[in-house]
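Architecture and fold: a report
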Amino acid sequence: MPFPPLSNSNRKSSRPQASASKLDGNRTAIGRDLEELRKQQLELKKLEEKMKQRMQNLPKEVAEKTRRQEELIKLRAVAMATYADGLSRPRDKRHGPAKNPTSSRRMTRPEERSARFQLLLLCAILAVIMALLWKSLP
């Protein structure tokens, strides 16, 4: 088996130059990748700080949200109460607010009792006024 011919020391081989250029290409690619990783790391740190800040503010936000909901519930309860419900009694919860306010709905029994009582009271007042006027005539 013959041996390959020995190369002269005066001649430079093309292989070391090719490997050096590959090394330089790998170094620049690695450098670019490293820069991208550093940028991503900075972005992640900023995101982490934002999340920590949000976690610190979360109890305040939750408390504010519950307070607003309670105020809204109180305002709705006050707005739903009317004098027709029996001297400002809150409206019966079994019957929600009317979808169409122009449509007539049947009154509940407590509302009917209240309306009947108010009618009788007004009739009695009218009768007293009529009697007083009748007596004052000559």
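Located above this text is the structure these notes cover.
Thresholds applied
- Residues numbered from 1 in each chain as written.
- Predicted model: local features only at pLDDT ≥ 70, side-chain atom pairs only at ≥ 80, totals over all residues.
- Heavy atoms only, no water.
- Helix = DSSP H or I, 4+ residues; strand = E, 2+ residues; numbered from the N terminus.
- Buried < 20%, exposed > 50% of the residue type's maximum accessible area, 1.4 Å probe, protein only.
- Areas by Shrake-Rupley, 256 points an atom, 1.4 Å probe, with all protein chains shown as cover.
- Polar contact = N/O pair within 3.5 Å; in protein donor to acceptor, adjacent residues only side chain to side chain.
- Salt bridge = Lys/Arg side-chain N within 4 Å of Asp/Glu carboxyl O.

Once that is clear, we can look at the overall build of the protein. Looking only at helices and strands, the protein features two helices and zero strands. In the protein, which comprises 138 residues, the proportion classed as buried is 4%. Summing over all exposed atoms, the protein offers an accessible surface of approximately 13900 Å²; the carbon and sulfur share of this is 62%.

You can see Glu-111 is positioned in helix α2 (residues 109-136). When its relative accessible area of 10% is taken as the criterion, Glu-111 is described as buried. Within the structure, the side chain of Glu-111 is placed 3.1 Å from the side chain of Arg-105, a separation counted as a polar contact.

The subject of this paragraph is the pattern of salt bridges. One pass over the full model with this rule turns up six salt bridges. Between Arg-67 and Glu-71 there is a salt bridge whose closest N-O contact spans 2.4 Å. With Arg-67 and Glu-71 both in helix α1 (residues 14-80) and four residues apart, the pair spans about one turn of that helix. Within the structure, one salt-bridge network assembled from shared partners comprises Glu-64, Arg-67, Arg-68 and Glu-71.

Shape descriptors only; they carry no functional weight alone.
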